[in-house]
Amino acid sequence: GAWAKTVLGAPGCEAHELQLELLYARGLRTTPLLDDPSELLVASTDALHKIREFNIPHVETPSGVVIRVPDLDLSLKIVPGATRLLGVVLAASDPVSSARFFSRVMGLRPLQ
């Protein structure tokens with residue numbers, strides 16, 4: 001299917017700082033857990049250990065794990081590192097309109 005990606009960040013934002021990724025994907029699945037590719041990207045070595053210790057359902061990836069957040073249409077991708085929010089991926093039916101909204105309301109600008 002067709003897809004497009006727009007990455008937004010604050011003016012002067014570095015690549016390692018919090019970013020908002022708008023993803024338009026028609027008929028594309030990003031993980032076996034979700035049809036909707038909306039996700040939070042978090043670094044947390046602690047959370048990785050807890051997920052495995054408590055046998056929380058997850059999918060292993062080369063960089064970490066992906067779990068579904070209960071009662072939300074959202075996945076959580078967790079990678080090793082000090083605990084912090086790295087980014088947000090949202091499914092957008094109209095990425096241009098969504099990017100315009102986040103630019104106007106939050107002052108975010110395209111990074112790519």
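One can find the structure itself at the top, above this paragraph.
Residues numbered from 1 in each chain as written. Predicted model: local features only at pLDDT ≥ 70, side-chain atom pairs only at ≥ 80, totals over all residues. Heavy atoms only, no water.

K.L.:
So what exactly am I meant to see when it comes to the packing of aromatic side chains here?
P.N.:
Each aromatic ring pair is described using two quantities: the centre-to-centre distance and the angle formed by the ring planes. The final tally for this structure, using the stated rule, is one aromatic pair. Arranged with centres 5.1 Å apart and planes meeting at 85°, the rings of Phe101 and Phe102 form a pair that is edge-to-face. Classification of Phe101 by relative accessible area gives partly exposed; the value is 44%. (Phe/Tyr/Trp six-rings, centres within 6.5 Å; stacked < 30°, edge-to-face > 60°. Buried < 20%, exposed > 50% of the residue type's maximum accessible area, 1.4 Å probe, protein only.)

K.L.:
How do you make sense of the pattern of salt bridges when you look at a structure like this?
P.N.:
When the charged atoms of two side chains lie near each other, side chains of opposite charge can form a pair. All told, the structure shown has one salt bridge when counted by the stated rule. A salt bridge links Arg52 to Glu60; its shortest N-O distance comes to 2.9 Å. Glu60 sits in the partly exposed class, given a relative accessible area of 47%. (Salt bridge = Lys/Arg side-chain N within 4 Å of Asp/Glu carboxyl O.)

K.L.:
So what exactly am I meant to see when it comes to unusual backbone geometry here?
P.N.:
Its identity is not glycine, yet Asn55 carries a phi of approximately 55°, on the positive side. With respect to the helices and strands, the residue Asn55 is situated in the loop between α1 (45-53) and β4 (59-60). (Helix = DSSP H or I, 4+ residues; strand = E, 2+ residues; numbered from the N terminus.)

K.L.:
Quick question: what am I supposed to make of the environment of Leu8 here?
P.N.:
Here Leu8 is to be found in strand β1 (residues 3-9). On the basis of relative accessible area, Leu8 is assigned to the buried category, the value being 0%. For the pair Leu8 and Gln19, spaced 11 residues apart in sequence, the C-alpha separation works out to 5.8 Å. In contact with Leu8, not counting residues within four places along its chain, are Gln19, Leu20, Leu22, Ala99, Phe102, Leu108, Arg109, Pro110 and Leu111. (Contact = heavy atoms within 4.5 Å.)

K.L.:
What is the right way to look at the nonpolar core in this model?
P.N.:
One broad trend across soluble globular proteins is that nonpolar side chains are buried collectively. If you look at the biggest cluster of nonpolar residues, it comprises nine residues: Val42, Leu48, Ile51, Val65, Ile67, Val69, Leu74, Leu76 and Ile78. Taken together, the elements giving at least two residues each to this core come down to α1, β5 (65-68) and β6 (75-79). With residues near it in sequence (within four places) discarded, Leu48 still touches Gly64, Val65, Ile78, Val79 and Pro80. Residues Leu8, Leu22, Val88 and Ala92 belong to the second largest nonpolar core, which totals eight residues. (Core = buried A, V, L, I, M, F, W, Y, C linked by side-chain atoms within 4.5 Å.)

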